[in-house]
Amino acid sequence: MAVSIIVFREHVPAQHVNLKLGSGLIQLSQTSTPKSSTISTRAGTLHHSANESKWWVESNARRYVPAPQESVIGIVTQKAGEEFRVDIGSAHPASVDGLAFEGASKRNSPDLKVCSMIALVYVI
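Each chain carries its own residue numbering, running from 1 in the direction its sequence is written. Reporting of local features is limited, given that this is a predicted model, to residues whose pLDDT is at least 70; pairs of side-chain atoms are given and counted only at 80 or more, and all residues count toward the totals for whole chains, interfaces and linings. The side-chain numbers reported here are obtained from all heavy atoms of the structure, hydrogens and water having been left aside.

Description of the domain arrangement of the protein
Selection criterion: Per the annotation, domain bounds derive from an automatic or database assignment of domains.
Taken domain by domain, the protein comprises domain 1 (4-58) and domain 2 (72-120). Taking only C-alpha atoms into account, the centre of domain 1 sits 30 Å from that of domain 2.

Encoded structure:
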């Protein structure tokens, strides 16, 4: 496993058929070229798996950064139409569609008020 130090918005040479990006990395698609570029969203140590299919950045951040597929508890801070803004304790709030709840439909939407507490699975 190779390790290197990267800074914010530095390009990462992550190329793989089944590429999986972990925390600290984001993939930007470019319309002019068929390839997409991967950049870092924070400074730290860049890591990747032996076959280079998984890439992530480890840093000494002092704030919570949710990982994909992690269960989190949040508090509804705003309701706009059928979408809810949820504070999950990270730098940015989460957005949850009202139809994402089990059994929800346009006629049967969840009755969540501001300050309601919900549990959800974080998905990028």
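A short note on the environment of Ser59
Let me state the cut-off plainly: Secondary structure elements follow DSSP: runs of H or I no shorter than four residues count as helices, runs of E no shorter than two count as strands, and numbering proceeds from the N terminus. We call two residues in contact when some of their heavy atoms are within 4.5 Å.
Inspection of the secondary structure puts Ser59 in the loop between strand S7 (54-58) and strand S8 (71-80). Spatially, the C-alpha atom of Ser59 lies 7.8 Å from that of Arg42, the residues being 17 residues apart in sequence. Leave out the neighbours within four places in its chain, and Ser59 touches Arg42, Ala43 and Gly44.

A word on the nonpolar core
The tendency in soluble globular proteins is for nonpolar side chains to be buried side by side. Stated precisely, the cut-off is as follows: As used here, the term nonpolar core means buried Ala, Val, Leu, Ile, Met, Phe, Trp, Tyr and Cys residues forming a set that is joined through side-chain atoms within 4.5 Å. Type-normalised accessible area, obtained with a 1.4 Å probe on protein chains alone, sets the label of each residue: buried when under 20%, exposed when over 50%, and partly exposed for intermediate values.
By size, the foremost hydrophobic cluster in this structure holds 10 residues: Val72, Val76, Phe84, Val86, Ile88, Ala94, Val96, Leu112, Ile118 and Leu120. Every residue in contact with Phe84, bar those within four places of it in the chain, is listed here: Val76, Gln78, Lys79, Ala94, Ser95, Val96, Gly98, Phe101, Pro110 and Leu112. Ranked by size, the runner-up nonpolar core spans 7 residues in total, among them Val12, Ala14, Leu25 and Val57.

Focus on the pairing of S7
Here is the rule: In this scheme, strands are said to pair when DSSP sees at least two bridges between them.
Side-chain alternation along S7 places Trp55 and Val57 on a buried face and Lys54, Trp56 and Glu58 on a face that remains uncovered. Taken together, the 2 bridges between strand S3 (residues 20-21) and S7 define a ladder with parallel strand orientation. Bridging across to S7, Lys20 finds its partner in Lys54. Examined bridge by bridge, strand S6 (residues 44-48) and S7 share 4 bridges and lie antiparallel to one another.

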